[in-house]
Amino acid sequence: MAHRSHHRRTRRKFGFARRTRPGAAPGSVVVNPESQAPLVQVMAFGPAGCRELRINKIDEIRPLLNEWPVVWIDVEGLGDADLILRLGELLNLHHLALEDVVNVHQRAKVEVYGDHLFIVARMVAQSEPFETEQLSMFLGERFVLTLQEERPGDPFDPVRERLRRNHGRLSTSSPGQFAHALLDAVVDAYFPLLERCGERLDAIETDLLSHAWESAITSIHSIKSELLGMRRAIWPLREAVNCLLRDHSEFFAADTHPYLRDLHDHTFQILDLIDTGRELASDLMDVYLSTVSNRMNEVMRVLTIIATVFMPLTFVAGIYGMNFNTQASPWNMPELNWYLGYPFSLLLMFGVTGAMMYFFYRKGWLRSLSPKPQMPVASRPKSGGQAGDGG
């Protein structure tokens, strides 16, 4: 029963909840009743400047689409199905894509629906514990629509600041170039998390070389779970970016392709760092288990030597503790009547002990119990350094 309860505590949650009933019409938009009401923020920008405002009614977006070259509509929260449907009607979005927006278990992908492109990516939160959220992005002729879950924070603050300052390439970018900037921010958010995982692994490695602490298993398992979650998120995203670069060049200008290739390269770097971190975590797990096993072997060796030493002593004490009658026969332990019988038995015990310890020493069994000098840890590149090499 104890083993089963431990398994229930440590198993990974499935984490899947689809709210559309089986057999429902394709394209049905069914939101999570626990989701918060959406917050709609719009940033319209172009060579003339940038305008930022919060939208209360969807109809307020229509004049912006006619006046500005690019309109970024950012929706945080998916708790209003009517608002999502009205956005889809305003921007002529496909109903199947809207269904995928509210079902936030989607893997990263790219789909084309007529005159607009639908992109799904997994964003990582910079908080503890590690978790991801779905980012749904629509790319049209004059707009970029992003829909996020209601979790606080996103990696787009640097993009917003660049738009507010109204300088550089981003302020005069096309919708395709701006979509690349958003995806680049999503991908770059993985690097700080990987650096933190690398620092935690380095700290665990340093501690394991000095002593094996019980919480190391929990820490290593937590890091491996985070790295696995990152890999599940970034692997499909790599394929999605490759699909953008290969099959959907009509949505991106020719000068955007080098940036897409750079984004694709960043996904490869992240996957390499994840694989390296997972291998290091597995190695640390082996080091921990080996350290615990070696410590147990040393303890068993000490106990075995102690038991072996006391075995002949117990034999001698047992013989001299037997009740023999020396008057019945001179062979019934005449040592019991010796004047120095007790010192003789003690000297016999000490002699047997000394002989056995000398024998153990000559075999090298006692030298292996002495504390070993600490060896210097060989330096190796940090996880963050690998990312810089590829960039």
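Refer to the structure printed above.
These notes cover the structure that comes with them. For clarity, every value in this text was computed on a predicted model and none was experimentally measured.

## Brief notes about the side chain of Gln177
Now for step 1: Of note, Gln177 is situated in helix α6 (residues 175-188).
Now for step 2: We classify Gln177 as buried; its relative accessible area is 8%.
Now for step 3: A polar side-chain atom of Gln177 sits 2.9 Å from the main-chain amide nitrogen of Ser174.
Now for step 4: Beyond its immediate sequence surroundings of up to four residues, Gln177 is in contact with Arg169, Thr172, Asp255 and Thr256.

## A few points about the pattern of salt bridges
Now for step 1: Under the criterion given, the structure shown has twelve salt bridges.
Now for step 2: The partner of Glu161 in a salt bridge is Arg164, and the shortest N-O contact between them spans 2.8 Å. Of this pair, Glu161 and Arg164 both sit in helix α5 (residues 157-165), three residues apart, roughly one helical turn.
Now for step 3: Residues joined in a network through salt bridges with shared partners are Asp74, Glu76, Asp154, Asp157 and Arg160.

## Considerations on the nonpolar core
Now for step 1: Counting residues in each nonpolar core, the largest one holds 64 residues, and the members touching the most others are Phe178 and Met230.
Now for step 2: No other element matches helix α8 (residues 215-247), which puts 13 residues into this core.
Now for step 3: The contacts of Phe178, once residues within four sequence positions are left out, are Phe45, Trp72, Val144, Val159, Leu163, Leu170 and Ser173.
Now for step 4: Of all hydrophobic cores here, the second largest spans 33 residues; its members include Val42, Leu93, Ala97 and Leu98.

## Points about the pairing of strand β3 (residues 70-76)
Now for step 1: Within β3, six of the seven residues are buried, leaving the element largely enclosed by the surrounding structure.
Now for step 2: Looking at chain direction, strand β1 (residues 39-46) and β3 are connected through seven bridges and run antiparallel. Of the residues in β3, the one forming a bridge with Ala44 is Val71.

## So, the packing of α8 against helix α9 (residues 257-320)
Now for step 1: Direction vectors running N to C along α8 and α9 enclose 160°, while the axes themselves pass 9 Å from each other. As far as their axial angle goes, α9 and α8 are roughly antiparallel. In the packing of α8 onto α9, the handedness of the crossing is left-handed.
Now for step 2: Looking at the contact of α8 with α9 residue by residue, the classes come out as 21 nonpolar, six polar and six charged.

## Structural notes on the packing of aromatic side chains
Now for step 1: Inspection of every chain in the model, using the stated rule, returns five aromatic pairs.
Now for step 2: With a centroid separation of 5.0 Å and an interplanar angle of 50°, the aromatic rings of Phe45 and Phe178 are classed as tilted. Of this pair, Phe45 sits in strand β1 while Phe178 is found in helix α6, placing the two residues 133 residues apart along the sequence.
Now for step 3: One aromatic cluster in this structure is built from Phe45, Trp72, Phe156 and Phe178.
Now for step 4: Geometry around Trp235 places Arg238 over its ring, the cationic atom sitting 4.0 Å from the centre.

## Quick word on a nonpolar patch on the surface
Now for step 1: On the surface, a nonpolar cluster with roughly 630 Å² of combined accessible area is contributed by Met296, Val299, Met300, Val302, Leu303, Ile306 and Phe310.
Now for step 2: Topologically, Phe310 is positioned in helix α9.
Now for step 3: For Phe310, a relative accessible area of 49% gives the class partly exposed.

Cut-offs applied
Residues numbered from 1 in each chain as written. Predicted model: local features only at pLDDT ≥ 70, side-chain atom pairs only at ≥ 80, totals over all residues. Heavy atoms only, no water. Helix = DSSP H or I, 4+ residues; strand = E, 2+ residues; numbered from the N terminus. Buried < 20%, exposed > 50% of the residue type's maximum accessible area, 1.4 Å probe, protein only. Polar contact = N/O pair within 3.5 Å; in protein donor to acceptor, adjacent residues only side chain to side chain. Contact = heavy atoms within 4.5 Å. Salt bridge = Lys/Arg side-chain N within 4 Å of Asp/Glu carboxyl O. Core = buried A, V, L, I, M, F, W, Y, C linked by side-chain atoms within 4.5 Å. Pairing = 2+ DSSP bridges. Axes fitted to C-alpha atoms, helices over the stretch in contact; angles between N-to-C directions. Parallel < 35°, antiparallel > 145°, perpendicular 65-115°, else oblique. Left-handed = near helix turned anticlockwise from the far one by under 90°. Nonpolar A, V, L, I, M, F, W, Y, C, P; charged D, E, K, R; others polar. Phe/Tyr/Trp six-rings, centres within 6.5 Å; stacked < 30°, edge-to-face > 60°. Lys NZ or Arg CZ within 6 Å of the ring centre and 35° of its normal. Patch = residues over 30% accessible without salt bridge, like charges linked within 9 Å, V, L, I, M, F, W, Y side chains within 5 Å. Areas by Shrake-Rupley, 256 points an atom, 1.4 Å probe, with all protein chains shown as cover.

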